[in-house]
Amino acid sequence: MDMRDYDLIVVGAGFYGLTIAERAANELGRKVCVLERRTHIGGNSYSEKDPETGIEFHTYGSHLFHTNSEEIWDYLHKFTTFTSYRHRVVTVHQGKAYPMPIGLATICSFFGRYMSPTEARALIESQVAAEDFKTPANLEEKAISLIGRPLYDAFIKGYTKKQWQTDPKELPAGIITRLPVRFTFEDGYFSDKYEGLPTDGYTAIFERMIDSPLIDVKMGVDFFEIRKQIPAGKLIVYTGPLDRYFDYKAGALGWRTLDFEKEVVPVDDHQGTSVLNYADESVPYTRVHEFKHLHPERKYHPGKSVIYREYSRFASRSDEPYYPINTANDLKTLEAYKAMAEMEPNFITGGRLGSYKYLDMHQAIGAALKTFRGQIVPFFGRSQGEAA
Ligand code: FAD
Ligand code: UDP
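Summary of the structure given here.

Rules used throughout
- Residues numbered from 1 in each chain as written.
- Chains lettered and ligands numbered in written order.
- Predicted model: local features only at pLDDT ≥ 70, side-chain atom pairs only at ≥ 80, totals over all residues.
- Heavy atoms only, no water.
- Pairing = 2+ DSSP bridges.
- Helix = DSSP H or I, 4+ residues; strand = E, 2+ residues; numbered from the N terminus.
- Axes fitted to C-alpha atoms, helices over the stretch in contact; angles between N-to-C directions.
- Near = heavy atom within 4 Å.
- Polar contact = N/O pair within 3.5 Å; in protein donor to acceptor, adjacent residues only side chain to side chain.
- Areas by Shrake-Rupley, 256 points an atom, 1.4 Å probe, with all protein chains shown as cover.
- Nonpolar A, V, L, I, M, F, W, Y, C, P; charged D, E, K, R; others polar.
- Core = buried A, V, L, I, M, F, W, Y, C linked by side-chain atoms within 4.5 Å.
- Buried < 20%, exposed > 50% of the residue type's maximum accessible area, 1.4 Å probe, protein only.
- Contact = heavy atoms within 4.5 Å.
- Parallel < 35°, antiparallel > 145°, perpendicular 65-115°, else oblique.

Attention shifts here to the sheet that holds strand β1 (residues 8-11). Judged by pairing direction, the sheet is parallel, and its five strands sit side by side in the order β9-β2-β1-β10-β16 without closing on themselves. The sheet terminates laterally at β9 (215-219) and β16 (347-349), the two strands that pair on one side only. Averaged over all pairs of adjacent strands, the angle between their axes in this sheet comes to 15°, without regard to strand direction. Bridge count between strand β10 (residues 235-238) and β16: three bridges; the pairing is parallel. Looking at β16, one finds that Y238 is bridged to T349.

Printed below as a string of structure tokens:
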């Protein structure tokens, strides 16, 4: 593997890295080497076929595609069409099932009577007024300011404690604003303009993105093991953990990881929906995924289904980092790493791990397109100019 042959080295074959690689090859005609530590492309958005049932499952947990951006939606349509799947989640609290996110159906079921939107708003407002904080400063206060304490206690507190094992008072408010709160019977999990699942699965997207003679993907290769072979001055786009790149010099950034317990169950339909959340702390897992429900348009063999039980815990250095925790201390550490990254010549760090941001797929793609236009195009424009 001679690194001198390449114009650009991309570390990580997730959505961020492959968007950069695809654009650099197809728009700029640049030769790209993608290094991927795992034995597959796609990063955490990878999906595969279960050998026993033929059911496509998302190896790192259900991945639902949604975006408000026409640019990102159009970009992905170069590589895939989308099904009309709309994600809906049900949550179980004390043995009863409720729609999630919290909307009028959840509120009416929980309080045991029909309420109009105005009545429901008035009830929540009266509950919020009873609280003593003025401006919500953390996840708990933000959630209570949106839904009041009884709904918070039932649907958010236990789940968030299991998911983050951090006091909700110490978590950033932004985590909870991922979930809409509605005073209508609309029950979709997302409110975005565009939503769907890739018709042929996620992995087909990644295969098409790298389908260029200008892109070489080296799988099972850790950047840190071959780093010395990369000539000085080569442009590197790095999408691995930011603290790892700098050898944890400014300390470790906090991450959570997940454990998935996979089971092939001998029934057609295990839970009636693709994702069932468990709100109560007494249930050790946060949610159960049943993948065949993600593609109701497919004909899978009857009699079996693939499920995942999802457990969350703190990540040690040897675990896969999935969720940046973003405590105040983490944010300070992040600033130190950002300053180091700026000083590093011909180096761009991005993606969920490389920017230490809770990015969804569309956000990772959007950030990569922005970096491509703002940094990669000018870089090669400049180096071409210099060479001329
Ligand atoms: P990643 O996909 O993490 O890719 C980074 C790649 O870099 C990995 O393949 C890694 O192996 C590789 N790498 C790291 N270090 C090295 C190294 N030293 N050498 C070589 N390779 C290296 N988003 C949604 O939009 N909808 C969802 O429903 C959704 N659900 C999610 C559920 C879970 C459990 C998780 C964890 C994430 C979810 N996401 C979802 C987010 C989605 O996974 C990310 O937005 C997306 O994967 C980000 O792409 P990326 O390229 O930044 O990072
Ligand atoms: N959340 C919750 N109860 C739920 C679902 C979500 O309390 O039933 C909270 C929890 O803190 C979670 C956050 O909302 O971390 C964001 O949820 P989302 O489903 O967007 O998380 P992800 O799919 O990224 O794990």
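Having seen the structure, we can now continue with the description.
Not every one of the 33 residues close to ligand 1 is listed here, only the nearest: E36, H63, L64, L359 and M361. A distance of 3.2 Å separates an oxygen atom of ligand 1 from a polar backbone atom of F15. One of the side-chain N or O atoms of H63 is found 2.7 Å from an oxygen atom in ligand 1. Across the complex, the protein chains shield 97% of the 990 Å² of accessible surface that ligand 1 would expose by itself. Put simply, the parts of the chain that give the shell around ligand 1 at least two residues each are α1 (15-26), β2 (32-36), α7 (223-226), α10 (351-354) and α11 (361-387). Of the residues assigned to the shell around ligand 1, the class counts are 17 nonpolar, 10 polar and six charged.

Side chains that are nonpolar tend, in soluble globular proteins, to be buried together. Ranked by size, the top nonpolar core spans 107 residues in total, and within it L8, F15, I20, F65 and F155 carry the most contacts. For this core, the leading source of residues is helix α5 (residues 139-164), giving 10 residues. Every residue in contact with F15, bar those within four places of it in the chain, is listed here: S45, L76, Y202, I205, F206, M209, M361 and I365. V92, Y278, Y285 and I307 belong to the second largest nonpolar core, which has seven residues in total.

Once that is clear, we can look at the sheet that holds strand β6 (residues 89-93). Taken in spatial order, the seven strands of this open sheet run β7-β6-β12-β13-β14-β11-β15, and their pairing is mixed. On the outer flanks of this sheet lie β7 (96-100) and β15 (323-324), each paired with one strand and no other. Of the pairings in the sheet, the one linking strand β11 (residues 255-265) to strand β14 (residues 305-314) comprises 10 bridges and is antiparallel in character. Across the sheet, L258 pairs through a bridge with S312, a residue of β14. Its contacts with the sheet place helix α3 (residues 104-111) against β6 and β7, and it is angled at close to 155° to β7. On top of the sheet, α5 reaches β6, β7, β11, β12 (275-278), β13 (287-290), β14 and β15; it is set at about 75° to β14, its chief contact.

On to the site of ligand 2. With respect to spatial proximity, 16 residues lie near ligand 2, and among them T160, W164, Y189, Y323 and Y358 are the closest. Here F155 contributes a backbone N or O atom positioned 3.1 Å from a nitrogen atom of ligand 2. A distance of 2.5 Å is found between an oxygen atom of ligand 2 and a side-chain nitrogen or oxygen belonging to Y189. About the coverage of ligand 2: the protein hides 94% of its 520 Å² of free accessible area. A breakdown of the residues in the shell around ligand 2 according to their chemical character gives 11 nonpolar, three polar and two charged.

On to the packing of helix α4 (residues 117-129) against α5, then. When two helices pack together, their arrangement is given by the angle between the helix axes and the distance between those axes. The interhelical angle for the contact between α4 and α5, taken along N-to-C directions, is 85°, at an axis separation of 7 Å. Our classification of the angle between α4 and α5 gives roughly perpendicular. Note on element contacts: α5 touches α4 through I144, S145, L146, I147, G148, R149, P150 and L151, opposite I124, Q127 and V128.

Here the focus is the environment of S305. Mapped onto the elements, S305 comes out in strand β14. On the basis of relative accessibility, which here comes to 0%, the residue S305 falls in the buried class. When the C-alpha atoms of S305 and V264 are compared, they prove to be 5.6 Å apart, with 41 residues separating the residues in sequence. Excluding its chain neighbours within four sequence positions, the residues that come into contact with S305 are I55, E263, V264, V265, V267, D268, E290 and K292.

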